[in-house]
Amino acid sequence: CSDGRPRRQAVAPDAGVKALRQGVGKRAEAAAVRQARWPLDYETPGGRTIDMVFAVRAAERPSVRPPVLVLAGSGSGSVRQAVGSFEPPYPPDRDLIFVDTRGKDGSGLGLCDATRRAQMATLARDLDGEQLRAAFIAPLRQCREDLLKAGIPLDGFGAASIVRDLDSLRSRLGLNRMLIWGISHGAMIANSYAASYPARVEALLLDGPTRRIRRQR
């Protein structure tokens, strides 16, 4: 639609959802962590790639309702942690898809792995506001320098690339539409996805501050 807002449509069975359930007897058995590989720069096909970690937890009862794509915040932990700790309330008739978006935890290039660990360790220290700010920024600056030295384009980690990753994953799983639950930074990514692919979104649940994002042409 012209304003980028998703419209409610009749729900059709998704072949991908059915395939995910084949041979699965328990919800936990469908939560194996998987990996997908996408271009680092979508404008340069055949160039460097980046891995994305994701996992799917199957619905507790059969349903044709679109799955829930869970987009957590940047400091919320990895897919491996989320799959094991995500507890009710969650929709029992929807599959849940967890994703480490590019640059987050398991989805990256092996660079800057120490950045988040250094930032989390900072929280345990007795620092005032300015000291805390400086301690958080220092690892980010080092990460930026490491990426530039490796010749990696920083804009390859922006919202536009993440949105394309998510739609590539949707297509790979054979899904028509998804309900997207965005938490913290994930709310901004969810909003951006809906603006770019409104027909692929059943509904948005935005659990965090975000602004309306118009569809970019």
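Digging into the packing of aromatic side chains
Summed over the entire model, instances satisfying the criterion amount to one aromatic pair. Geometrically, the ring pair formed by Tyr193 and Tyr197 is tilted, given 5.1 Å between the ring centres and 35 degrees between the ring planes. Under the relative-accessibility criterion, Tyr193 is labelled buried at 0%.

Here we look at the nonpolar core
One finds Leu69, Ile97, Val99, Leu166, Leu169 and Ile180 to be the most contacted residues of the largest nonpolar core, which totals 23 residues. Breaking this core down by element, the ones donating at least two residues are strand E1 (33–39), strand E2 (49–57), strand E3 (68–71), strand E4 (96–100), helix H5 (159–172), strand E5 (178–183) and helix H6 (185–196). Setting aside anything within four residues of it in sequence, one finds Ile97 in contact with Ala55, Val56, Pro67, Val68, Leu69, Val70, Leu169, Leu173 and Leu175. Within the second largest apolar cluster, eight residues are counted, among which are Ala55, Val70, Leu96 and Phe98.

Some words on helix H4 (residues 129–149)
An α-helical segment advances 3.6 residues per turn. Residues three or four places apart therefore align on the same side. In this model, H4 (21 residues) spans 31 Å end to end at C-alpha, consistent with the 30 Å of a helix rising 1.5 Å per residue. Of all the residues in H4, the buried ones are Ala135, Pro139, Cys143 and Leu147. Mapping the buried residues of H4 onto a view down its axis gives an arc of 115 degrees, with all of them on the same face. Across from the buried face of H4, at angles greater than 90 degrees, the exposed residues are Gly129, Glu130, Arg133, Arg141 and Lys149. In the stretch just after H4, Gly151 is the one whose phi turns positive, near 75 degrees.

What counts, and where the lines are drawn
- Throughout, residues of each chain are indexed from 1 in the direction in which the sequence is written.
- Only residues with pLDDT of 70 or above have their local features reported here, since the model is predicted, and side-chain atom pairs are shown and tallied only from 80 upward, although totals for entire chains, interfaces and linings are computed over all residues.
- As a rule here, side-chain values come from all non-hydrogen atoms in the structure, and water together with hydrogens is ignored.
- Ring pairs are drawn from Phe, Tyr and Trp, using the six-membered ring of Trp, whenever the two centres fall within 6.5 Å, and their geometry is named by plane angle: stacked under 30 degrees, edge-to-face over 60, tilted for the rest.
- Each residue is placed in one exposure class: buried if its accessible area under a 1.4 Å probe, protein chains only, is under 20% of its type's maximum, exposed if it is over 50%, and partly exposed if it falls in between.
- In these notes, a set of buried Ala, Val, Leu, Ile, Met, Phe, Trp, Tyr and Cys residues joined through side-chain atoms within 4.5 Å is what counts as a nonpolar core.
- Here a strand is any run of E in DSSP of at least two residues, a helix any run of H or I of at least four, and the numbering for each starts at the N terminus.
- We call two residues contacting when some pair of their heavy atoms lies within 4.5 Å.
- The span you would expect from a helix comes to 1.5 Å times its residue count less one.
- Starting at the helix axis, one direction is taken to each C-beta atom, and the arc is that of these directions.

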